[in-house]
Amino acid sequence: MKKKLFLALFCFFVVLGSNAQELANFMGRTPVLSPEFGEKTVTFRIAAPDAKLVRLYGSWMEARNSSVNMMKDTAGVWSVSVPTPSSELYTYNFIVDGLVVNDSRNVFMQRDGTRYLSVLLVPGEHTENYFEANEHGNLSKVWYDSPTIGTKRRMFVYTPYGYETSGEDYPVLYLLHGGGGDEDAWSTMGRARQILDNLIDKGLAKPMICVMPNGNPGQQAAKTQLLEEKPFDRRDPENADLYVKSIVTDIIPYIESHYRVIGKPEARAVSGLSMGGGHTLAVTRLFPGTFDYICPLSIGVRGDAADIDKQFQAVKQGGYKLYWFACGESDFLWEMAKEMDAALTRNGLEHTFYVTDGGHTWANWRKYLNTFAPLLFR
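Quantities reported herein were computed from a predicted structural model and do not represent experimental measurements.

Caption draft 1: View of the sheet that holds strand 6 (residues 77–83). Reading across the sheet, the four strands line up as 1-2-6-5 and stay open at both edges, with antiparallel pairing between neighbours. Every interior strand has two partners, whereas the edge strands, strand 1 (36–37) and strand 5 (71–72), have only one. Inspection of the sheet shows strand 2 (residues 41–47) paired to strand 6 by seven bridges, in the antiparallel sense. Counted as the bridge partner of Ala47 is Val77 from strand 6.

So, in C-alpha cells, the structure goes:
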C-alpha cells in the first residue's frame, strides 16, 4: 500500500511539472547542485559521506598541481565556493581521498581523447559564441570510403542553419584536429558548431559547411566506436602523408558529390591545430592551389631553409586569398611559429601572424576559430 502511495505521489509531481528541487523537498532531501553560480562565486558540491579529504581542481588554477580543500556538512556533502573565473570554458574534477572523479551532478562534459572531463562554461563576452545560438546548424556523423587509406572512415560534417531548404551551394571549411584527438575533437572540445552557428546567426561569417575528419590513419573512427585499430607505421615511406593525401583524393570528392557545395578553390578553406596544423601545411604543399584560405594553428617550421622555401614557393605559385596563422607566446612551438613567420615573409607570401598569450590549449584554438572564421570566403 505504501509503495502504491509513493508511486502515485511521484507521478503527481511529474504530471504537475515539478522540478527536481520540489520533488526532493517533498521527499525530505535536498538535491546536490553543482556547479552553482552565485553573484561573484561558483560553488561546487559532491556527496561523499565516507571520504576523509576532498579537493577541487580546476583548469583555471594557476598551477597544474594546485587544488583547494572542500568542507563537509552534516549530510556528507562536500562543498567549496571559489571566485568566478574570467569568461572562458574550463574543465575541473574532484579529488576524493586521492581518487580523481568527475562531477556527477554536471551533465556538461567533454571528451579529450580517452579522458572525460566536467566542464565549467563561464558566461561573458569572450564565451558568448560558445553557447547555443538562436538558429542551429546540424552536425552529422558521416561514414565514407577511403580508398587511399584502404578502409571506411568516419568524419563529422556541420551544415549551417537552413542548408536543407535553401537550395544554395556553400563553401567548405576543412577543420583538422591535433594529436590525441579524433573527428569529435573540434565539435566537443572546440565548440565548433556553436561558434559557427553564432557567427553565421550574427552575420559575422558566411554560411559554410565544416568538415572535421579523423586525422589518425590507423583509426576508422573515434575510440568510442570500439573499432579495432590497424597498425600504422608512420616511418614507412609508403605511409608518408597518407592521411593528407586522402583529404584531397577521398574526402573532398565525397563532400563535393554528396553536399551542395561550391567545388572551387575560392570556396575551400583548410585549418588545423598542432598536428592538424602540420597537416594543413602538408596538404597545401602537396596540393597547391586546392585551398584559397589557409589557416594553420599552433604550428611552425624548422629545418633546412632551402627545403622550407621550396615548400612555400609551391604554395605561392598555386595561389591563395588568405594565409592566416596563429600561435600563443607560451606555446612550446612558439619559436617554430616565429621561424614560419620569417619564412613566409622572405618568400613573399602575404600573411597574417595572429599572436596571443597562452599556450598549446583549447582556450586558444577556440579563440582562433572564432577570429578567422569571419575572414573566410570574402
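Caption draft 2: Geometry of helix 6 (residues 242–258). Its 17 residues place the ends of helix 6 23 Å apart at the C-alpha level, agreeing with the 24 Å of an ideal helix rising 1.5 Å per residue. The principal kink in helix 6, of about 30 degrees, is found at Ile251, preceding the proline Pro253 by one to four residues. Residues Leu242, Tyr243, Val244, Ser246, Ile247, Val248, Asp250, Ile251, Ile252, Tyr254 and Ile255 constitute the buried set of helix 6. Elements in contact with the buried residues of helix 6: strand 11 (138–146), strand 12 (151–159), strand 13 (172–176), strand 14 (209–212), strand 15 (268–273) and helix 7 (275–286).

Caption draft 3: Spatial organisation of the pairing of strand 17 (residues 322–328). Burial analysis of strand 17 places seven of its seven residues in the buried class, the great majority of the element. Of the two faces of strand 17, both are covered, the one formed by Leu322, Trp324, Ala326 and Gly328 as well as the one formed by Tyr323, Phe325 and Cys327. With three bridges joining them, strand 16 (residues 293–297) and strand 17 adopt parallel strand pairing. Each residue of the ladder has a partner; that of Leu297, found in strand 17, is Ala326. For the handedness criterion, the β-α-β arrangement of strand 16, helix 8 (residues 305–318) and strand 17 is classed as right-handed. The pairing of strand 17 with strand 18 (residues 352–356) spans five bridges and is classified as parallel. What sits directly across from Phe325, in strand 18, is Phe353. Read from strand 17 through helix 9 (residues 334–346) to strand 18, the crossover connection turns out right-handed.

Caption draft 4: A look at the pattern of salt bridges. Under the defined criterion, the tally for this structure stands at 15 salt bridges. Here Arg111 ties to Asp184 by a salt bridge, and the two come within 3.3 Å at their closest N and O atoms. Of this pair, Arg111 sits in strand 9 (residues 109–112) while Asp184 sits in the loop between strand 13 and helix 4 (185–188); the two residues are 73 residues apart in sequence, bridging distant segments of the chain. Exposure class is identical for Arg111 and Asp184. Each is buried. As a salt-bridge pair, Glu132 and Arg193 come within 2.7 Å of each other at their nearest N and O atoms. Of this pair, Glu132 sits in the loop between strand 10 (115–121) and strand 11 while Arg193 sits in helix 5 (residues 192–201), and the two are 61 residues apart along the sequence. Bridged by salt links that share partners, the residues Arg111, Asp182 and Asp184 form one connected network.

Caption draft 5: Structural view of the sheet that holds strand 12. The strand order 11-12-14-13-15-16-17-18 describes an open sheet built from eight strands, whose pairing is mixed. The sheet terminates laterally at strand 11 and strand 18, the two strands that pair on one side only. If you compare each strand with its neighbour and ignore which way they point, the axes differ by 20 degrees on average. Summarising the sheet, strand 15 and strand 16 pair through five bridges and their orientation is parallel. Along strand 16, the bridge assignment pairs Leu273 with Leu297. Across the sheet, helix 6 lies against strand 11, strand 12, strand 13, strand 14 and strand 15, angled at about 115 degrees from strand 11, the strand it touches most. The strands touched by helix 7 are strand 13, strand 15, strand 16 and strand 17; relative to strand 15, the strand with the most contacts, the crossing angle is about 145 degrees.

Caption draft 6: Representation of the packing of helix 6 against helix 7 in the model. Relative orientation of the contacting elements helix 6 and helix 7 amounts to 60 degrees, with a least axis distance of 9 Å. By the angle between their directions, the pair helix 6 and helix 7 is classed as oblique. The interaxial crossing formed by helix 6 with helix 7 has right-handed handedness. The residues of helix 7 that touch helix 6, namely those facing Tyr243, Val244, Lys245, Ile247 and Val248, are His279, Ala282, Val283 and Leu286. By residue class, the composition of the contact of helix 6 with helix 7 is seven nonpolar, one polar and one charged.

Caption draft 7: Broad picture of the side chain of Gln194. Locating Gln194 in the fold gives a position in helix 5. Assessed through its relative accessible area of 5%, Gln194 is described here as buried. For Gln194, the residues in contact, after removing those within four places along its chain, are Asn129, Tyr130, Phe131, Glu132 and Ser187.

The rules we used
- Residues numbered from 1 in each chain as written.
- Predicted model: local features only at pLDDT ≥ 70, side-chain atom pairs only at ≥ 80, totals over all residues.
- Heavy atoms only, no water.
- Pairing = 2+ DSSP bridges.
- Helix = DSSP H or I, 4+ residues; strand = E, 2+ residues; numbered from the N terminus.
- Expected span 1.5 Å × (residues − 1).
- Bend = angle between axes of the 7 residues up to and from the residue.
- Buried < 20%, exposed > 50% of the residue type's maximum accessible area, 1.4 Å probe, protein only.
- Contact = heavy atoms within 4.5 Å.
- Right-handed = clockwise from strand over helix to strand, strands pointing away.
- Salt bridge = Lys/Arg side-chain N within 4 Å of Asp/Glu carboxyl O.
- Axes fitted to C-alpha atoms, helices over the stretch in contact; angles between N-to-C directions.
- Parallel < 35°, antiparallel > 145°, perpendicular 65-115°, else oblique.
- Left-handed = near helix turned anticlockwise from the far one by under 90°.
- Nonpolar A, V, L, I, M, F, W, Y, C, P; charged D, E, K, R; others polar.

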